[in-house]
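Below are the chains, spelled out letter by letter.
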Amino acid sequence: MSATIIQSLLDKTKDFSLEETLVFLANEYPEKVIFSTSFGQEDQVITDFIAKSNTDITIFTLDTGRLFQETYDVFHKTLKKYKKPIEVYFPEAAAVESLLQQKGPNSFYDSVENRKECCFIRKVVPLRKALVGNSVWITGLRAEQSENRNDLQLFEYDGGFEIIKFNPLLKWTLEEVEAYLSENNVPQNALHKQGFVSIGCAPCTRAIFPGEDIRAGRWWWESSHKECGLHSAKKE
């Protein structure tokens, strides 16, 4: 059934622009389309499109408790520019307290398993809460961000979260993203000008060096697939 729905969406929207697709989804799934933003460059592009589409698409963010001040700054600027509410989801306090009491504040540096545990508590669990009851989850994923994302489609069914995912910037290049942001005067994270491309939690993000992979600055001490669990659920 999910494969049929995905193919139908791909067929119906194949000639639509990004903004037309947003309007279509908002009409097709009223009050059940949700967009997750981390205030990165891709997400800021989508926020701008959503604001211009004048739809009832809900925007939300995950506050892990360990974000950069620069991320909060662009969060604030985004609210002021678009006058559109952004829902905020936090990790469960008891789970964070237990993690820190048992393993300390920097356990994620010790092993991939520990890092994924921290991501699960601070990101995955709050995300599940945010997605409940919704039909379409809009993301800022781009194919060139990592090898793991090369085989994605504009629409996918995420079996892990049991929701349709729409990846509107999938085929965009970083250059196209940056050009759009500049041309439309969209608020950006100041860290982007300091070599930070993919920005997550402060302890787990560094600037990348010239020639490095886009994801090299995330969990730089690992040789893993550089995913936190938000976009690695099994797809059906």
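All of these numbers come straight from a predicted model, not from anything done at the bench.

Student: Would you mind showing me how to read the overall build of the protein chain here?
Tutor: On a plain count of helices and strands, the protein chain comes out with 7 helices and 6 strands. In sequence order, the secondary structure elements of the protein chain are arranged as α-α-β-α-β-α-β-α-α-β-β-β-α. Taking 2.2 N^0.38 as the reference for a compact globule, 236 residues should give roughly 18 Å; the C-alpha atoms of the protein chain span a radius of gyration of 17 Å, in line with that estimate. Along the first, second and third principal axes, the C-alpha set of the protein chain runs to 50 × 40 × 35 Å. Taken over 236 residues, the protein chain has a buried fraction of 51%.

Student: What's the story with helix 3 (residues 41–53) in this structure? I'm lost.
Tutor: Structurally, the α-helix is built with 3.6 residues per turn, so residues lying three or four positions apart point the same way. Compared with an ideal rise of 1.5 Å per residue, which puts 13 residues at 18 Å, helix 3 spans 19 Å between its outermost C-alpha atoms and is within 8% of the ideal. Every buried residue of helix 3 is listed here: Gln-41, Glu-42, Asp-43, Gln-44, Val-45, Ile-46, Thr-47, Asp-48, Phe-49, Ile-50 and Ser-53. Taken from the residues just after helix 3, Asn-54 is the one with a positive phi, measuring 55 degrees.

Student: Before we go on, may I ask you to explain the pattern of salt bridges in this structure?
Tutor: It is possible for side chains bearing opposite charge to pair when their charged atoms get close. For the structure shown, the criterion picks out 9 salt bridges. A salt bridge links Lys-103 to Glu-117; the nearest nitrogen and oxygen atoms lie 2.7 Å apart. Of the two residues, Lys-103 sits in helix 5 (residues 93–103) while Glu-117 sits in helix 6 (residues 112–131), which places them 14 residues apart along the sequence. Note on Glu-117: relative accessible area 29%, which makes it partly exposed. In this structure, Asp-158 and Lys-165 form a salt bridge, with 3.6 Å as the shortest nitrogen-oxygen distance. Side by side, Asp-158 and Lys-165 carry an identical accessibility label, which is buried. Each of the salt bridges in this network shares a partner with another, and the network as a whole consists of Glu-42, Arg-142 and Glu-144.

Student: Is there a simple way to think about the pairing of strand 1 (residues 33–36) in this case?
Tutor: Working note: regular strand, side chains alternate between the two faces of the sheet. Taking every second residue as pointing to the same face, both faces of strand 1 are buried, with Val-33 and Phe-35 on one and Ile-34 and Ser-36 on the other. Of the strand pairs in this sheet, strand 1 and strand 4 (residues 136–138) are connected by 3 bridges, and their pairing is parallel. Within strand 4, the residue paired with Ile-34 across the bridge is Trp-137. Note: strand 1 against strand 2 (residues 58–62), 3 bridges, orientation parallel. The residue bridging Ile-34 from the neighbouring strand is Thr-58, located in strand 2. Handedness of the crossover joining strand 1 and strand 2 through helix 3 is recorded here as right-handed.

Student: What is the right way to look at the sheet that holds strand 5 (residues 155–158) in this model?
Tutor: Where strands meet in a sheet, backbone hydrogen bonds hold them as pairs that are either parallel or antiparallel. In space, the 6 strands of this open sheet follow the order 3-2-1-4-6-5, with mixed pairing throughout. Sheet topology places strand 3 (86–89) and strand 5 at the edges, where each strand pairs with a single neighbour. If you compare each strand with its neighbour and ignore which way they point, the axes differ by 30 degrees on average. In the packing of helix 1 (residues 2–12) onto the sheet, the strands contacted are strand 5 and strand 6 (163–166), and the crossing angle to strand 5 comes to about 160 degrees. The sheet contacts of helix 2 (residues 18–28) involve strand 1, strand 4, strand 5 and strand 6, and relative to strand 6 the element is tilted by about 165 degrees.

Reading the values: the criteria
Residues numbered from 1 in each chain as written. Predicted model: local features only at pLDDT ≥ 70, side-chain atom pairs only at ≥ 80, totals over all residues. Heavy atoms only, no water. Helix = DSSP H or I, 4+ residues; strand = E, 2+ residues; numbered from the N terminus. Rg over C-alpha atoms; globule rule 2.2 N^0.38 Å. Buried < 20%, exposed > 50% of the residue type's maximum accessible area, 1.4 Å probe, protein only. Expected span 1.5 Å × (residues − 1). Salt bridge = Lys/Arg side-chain N within 4 Å of Asp/Glu carboxyl O. Pairing = 2+ DSSP bridges. Right-handed = clockwise from strand over helix to strand, strands pointing away. Axes fitted to C-alpha atoms, helices over the stretch in contact; angles between N-to-C directions. Contact = heavy atoms within 4.5 Å.

It is worth stressing that arrangement in space is one thing and function is another; only the former is reported here.
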